[in-house]
Amino acid sequence: MGRWRVYLKPFNDSGVYESSWTDISDDVLFDSMGSVAVDLDNTEFDIGVYRNSSFSLSLINDHGKYSDISFPKSVFKYSRGNTLVRITWDYANDYPICGTGQIGTMQMSNERTILEGLLSDESLEMEIDDQKAKFKVLGREFLFQQTVVPFDTVDNGDLFSVTLYKILNQTGITDYLTVSQANITCGSDQTIDSIASLQNKTVQEGLNKLLLMSNSVLYIKDDTVYVAPRTPTAAVQYTFYGQASESGAEDIIGIKKIRNGMAKTFNYFTWKDAATLSAEDSTSTAKYGVRKREISADFTTDTTKRQNILNALRDEFGMPKQEFDLYTPLDEDTVALELLDRVTIDYPAVFLSENAPVCGAYTCGENPVLPKALFSFVLDTTEYYKIIGRSIDIKSQVVKFKMRAV
């Protein structure tokens, strides 16, 4: 169910992107693409790590259309690297046609962009025997590794949010993405004391420090860069239903890798080379012991600002928050869910007996056997979770959401 398409937008002879996209879906080996994923800083044992998204792209190349620019039939005229790639998904498996349809039997749908990225020429592999070109497509955030912080535009006294805007708002990034100050909001927005440490740094290096110190995350949506606090949306965007749920149709394929959140629990933050500064969650350290994390940033020298940064990170990561991977079918509802969306999950226990547990007295040997649950893991809609990662398996058309408790 559903149809995938892949488009290219190569450079013309002058090194400018073509005005329109070229559909290359007929040459794509979709079974070899694997998963298309987007994530926040959700590595298992760390925080503040900004990761690039990527996926593999294998193309039939017996006609030579995807060979290097020196080949006459190649669609690449100026450079193969950094060609724009768009992958889309449409719920309707067939192309739209004119005519009438029967309600309940035909599906109207819109083609949705799942990911846009840049073709990497560095990892290209070609085989003469099978006539295939195998590329790596990198998320557009890869641009941050290819550009340098515009040091002459940043100033002492700028807020973190303003500094983030200035280092992102430059040619080489804005050619591909929309960058607006209105879309940049930090969880802890302090001012820069010294910009010296940002000189000769790539944008990626600057982001790694600024996002951690501002307790923020960066993501790309609809060709636009967003920086936001780690807080989820105020309203619940979706409810998932597990087996035995009486509230909605089951749409949970499985819940795996249930983690208690200890891997990303840091309850004692300190500042490197500042012995008097620390932020402790005393409730957490009393219960789980000290889980220390030392941080530092040369662009913040003021003691009060440093303490504010430590406090914000302690409040965010001081207590363990349950995490797990939830698998669900790819459809119009699940494909629309975004990072940081607030969701609820109705996942009740399943009992081996038809008899539900009740209150009252029983006579041994005469009354029915009490029911036994198949598993102990239960979730109800009074608990809230936020989406911190999404991975779509193209072959199985299953979505894996990484969830973290709110």
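**Concerning the nonpolar core**
In terms of nonpolar packing, the biggest core is built from 52 residues, with Leu57, Ile87, Phe240, Phe324, Ile345 and Met403 touching the most fellow members. In this structure, Tyr17, Phe160, Ile195 and Leu313 belong to the second largest nonpolar core, which totals 43 residues.

**Things to note about the sheet that holds strand 12 (residues 268–271)**
A sheet is described by the order of its strands in space; here three strands give the open sequence 13-12-14, paired in mixed fashion. Of all the strands in the sheet, just strand 13 (274–280) and strand 14 (292–295) have a single pairing partner and so form its edges. Between one strand axis and the next, the sheet turns by 25° as a mean value, whatever way the strands run. Relative to strand 13, strand 12 runs antiparallel, the two being bridged by four bridges. What sits directly across from tyrosine 268, in strand 13, is glutamate 280. Here helix 5 (residues 303–317) sits on the sheet in contact with strand 12, strand 13 and strand 14, set at roughly 30° to strand 13.

**A closer look at unusual backbone geometry**
For residues that are not glycine, phi is negative in most cases, and the peptide bond is trans in most cases. In this model, aspartate 223 sits at a positive phi of 65°, which is unusual for a non-glycine residue. Relative to the helices and strands, aspartate 223 resides in the loop between strand 8 (216–221) and strand 9 (224–229). By relative accessible area, which is 32% here, aspartate 223 ends up partly exposed. Phi is positive for leucine 340, close to 75°, though the residue is something other than glycine. With respect to the helices, strands and loops of the structure, leucine 340 is situated in the loop between strand 15 (323–329) and strand 16 (342–346). Here leucine 340 falls in the buried class, since its relative accessible area comes to 5%.

**Details of the pairing of strand 8**
Successive side chains on a regular strand alternate, one facing one side of the sheet and the next facing the other. With six bridges joining them, strand 8 and strand 9 adopt antiparallel strand pairing. Paired with lysine 221 across the bridge in strand 9 is threonine 224. Counting the residues that bridge the hairpin from strand 8 to strand 9 gives two residues, and of these aspartate 222 lies at a positive phi of roughly 50°.

**Quick word on helix 3 (residues 203–213)**
A large share of helix 3 lies buried, amounting to eight of its eleven residues. Val203, Gln204, Gly206, Leu207, Leu210, Leu211, Leu212 and Met213 are the residues of helix 3 that are buried. Asparagine 215 lies just past helix 3 and shows a positive phi near 50°.

**Re the sheet that holds strand 2 (residues 22–23)**
Backbone hydrogen bonds are what pair the strands of a sheet, in a parallel or an antiparallel way. Reading across from one edge, 2-1-5-6-7-4 is the order of the six strands in this open sheet, with antiparallel pairing throughout. Of all the strands in the sheet, the pair left with one neighbour each is strand 2 and strand 4 (54–60). Sheet topology note: the strand 6 (residues 111–127)/strand 7 (residues 132–139) ladder contains seven bridges and is antiparallel. In the strand pairing of strand 7, glutamate 127 is matched with lysine 132.

**With respect to the layout of surface pockets**
Of the pockets and cavities examined, the largest pocket occupies roughly 710 Å³. Secondary structure elements with two or more residues in the lining of the largest pocket: strand 3 (35–39), strand 6, strand 8 and strand 17 (385–393). Considering each element in turn, the lining of the largest pocket owes the most residues, five residues, to strand 6. Its residues assigned to classes, the lining of the largest pocket shows 14 nonpolar, five polar and eleven charged.

**Things to note about the side chain of arginine 5**
If you trace the backbone, arginine 5 turns up in strand 1 (residues 3–9). Side-chain polar atoms of arginine 5 contact the side chain of glutamate 111, separated by 2.9 Å.

**A word on a nonpolar patch on the surface**
Taken together, the side chains of Val236, Tyr384 and Val406 make up a nonpolar region of the molecular surface, amounting to roughly 240 Å² of accessible area. Here valine 406 is to be found in the segment after strand 18 (398–405). Accessibility expressed as a relative area gives 47% for valine 406, which makes it partly exposed.

Here is what the cut-offs are and how they apply
- Residues numbered from 1 in each chain as written.
- Predicted model: local features only at pLDDT ≥ 70, side-chain atom pairs only at ≥ 80, totals over all residues.
- Heavy atoms only, no water.
- Core = buried A, V, L, I, M, F, W, Y, C linked by side-chain atoms within 4.5 Å.
- Buried < 20%, exposed > 50% of the residue type's maximum accessible area, 1.4 Å probe, protein only.
- Pairing = 2+ DSSP bridges.
- Helix = DSSP H or I, 4+ residues; strand = E, 2+ residues; numbered from the N terminus.
- Axes fitted to C-alpha atoms, helices over the stretch in contact; angles between N-to-C directions.
- Contact = heavy atoms within 4.5 Å.
- 1 Å grid on protein atoms, 1.4 Å probe; cavity = no way out; pocket = protein on both sides within 12 Å on 5 of 7 lines; lining within 4 Å.
- Points joined across faces, edges and corners; volume = space filled by probe spheres on them.
- Nonpolar A, V, L, I, M, F, W, Y, C, P; charged D, E, K, R; others polar.
- Polar contact = N/O pair within 3.5 Å; in protein donor to acceptor, adjacent residues only side chain to side chain.
- Patch = residues over 30% accessible without salt bridge, like charges linked within 9 Å, V, L, I, M, F, W, Y side chains within 5 Å.
- Areas by Shrake-Rupley, 256 points an atom, 1.4 Å probe, with all protein chains shown as cover.
- Salt bridge = Lys/Arg side-chain N within 4 Å of Asp/Glu carboxyl O.

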